[in-house]
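Residue strings, one per chain:
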Amino acid sequence: AIERTFSIIKPDATKRNLTGKITAKLEEAGLRVVASKRIRMSKEQAEGFYAEHQGKPFFAGLVNFMISEPVIVQVLESENAILLNREVMGKTNPEEADEGTIRKEFALSMSENSVHGSDSPESAAREIQFFFSDDEIVG
Ligand code: CMP
């Protein structure tokens, strides 16, 4: 079924001017960008977005990283978009990511890993709503 997922081009990538190259990889894989904006995340937004990781040792570092530079938040649409996007991103740890994936090509480390993508339909729905209103998504 046609599905939507939520993606972030993270600070390590925007800082290195990789917005276009990463978006091209998503598009080449068949994902369509149906919403996109460049924002500077507030601390409150980052903490709320990553609430499920609260209490983990990397939480404070993750929040500080996500607010350190602008990010691009996007809604992507395709058949099986959630799984497809995760395949194109590659594993969280770039050392384990497959050849040709975004993280293999661009990620610097486990934390500076260039992109985020929703991991389930429930997360996708929550994450899309967290950053976009319905009228900002144009399919
Ligand atoms: P993301 O998909 O954005 O969701 C949670 C993020 O936490 C993840 O990508 C990584 O960037 C980060 N993360 C997960 N595990 C670790 C870890 N062990 N050390 C540092 N950062 C991590």
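Residues numbered from 1 in each chain as written. Predicted model: local features only at pLDDT ≥ 70, side-chain atom pairs only at ≥ 80, totals over all residues. Heavy atoms only, no water.

1. Digging into unusual backbone geometry
Look at Asn-17: it is not a glycine, yet its phi comes out positive at around 65°. With respect to the element layout, Asn-17 can be found in the loop between α1 (11–15) and α2 (19–28). Even without being a glycine, Ser-114 presents a positive backbone phi close to 70°. Position of Ser-114 among the secondary structure elements: in the loop between α6 (102–106) and β4 (115–117). (Helix = DSSP H or I, 4+ residues; strand = E, 2+ residues; numbered from the N terminus.)

2. Considerations on the UniProt feature "domain: Nucleoside diphosphate kinase-like" (unreviewed entry) in the chain
Using the residue numbers shown here, the UniProt feature "domain: Nucleoside diphosphate kinase-like" (unreviewed entry) corresponds to residues 2–139. Overall, residues 2–139 shows 40% helix and 20% strand. The separation of its end C-alpha atoms is 11 Å. (UniProt positions renumbered as here; feature names shortened; annotations may be inferred.)

3. Concerning the site of the ligand
Every residue close to the ligand is listed here: Lys-10, Tyr-50, His-53, Phe-58, Leu-62, Thr-92, Arg-103, Met-110, Ser-111, Asn-113 and His-116. In this structure, an oxygen atom belonging to the ligand sits 2.8 Å away from a side-chain N or O atom of Lys-10. Note that an oxygen atom of the ligand is positioned 3.3 Å from one of the side-chain N or O atoms of Asn-113. Relative to its unbound accessible surface of 450 Å², the ligand loses 76% to contact with the protein. Counted by class, the shell around the ligand contains 4 nonpolar, 5 polar and 2 charged residues. (Near = heavy atom within 4 Å. Polar contact = N/O pair within 3.5 Å; in protein donor to acceptor, adjacent residues only side chain to side chain. Areas by Shrake-Rupley, 256 points an atom, 1.4 Å probe, with all protein chains shown as cover. Nonpolar A, V, L, I, M, F, W, Y, C, P; charged D, E, K, R; others polar.)

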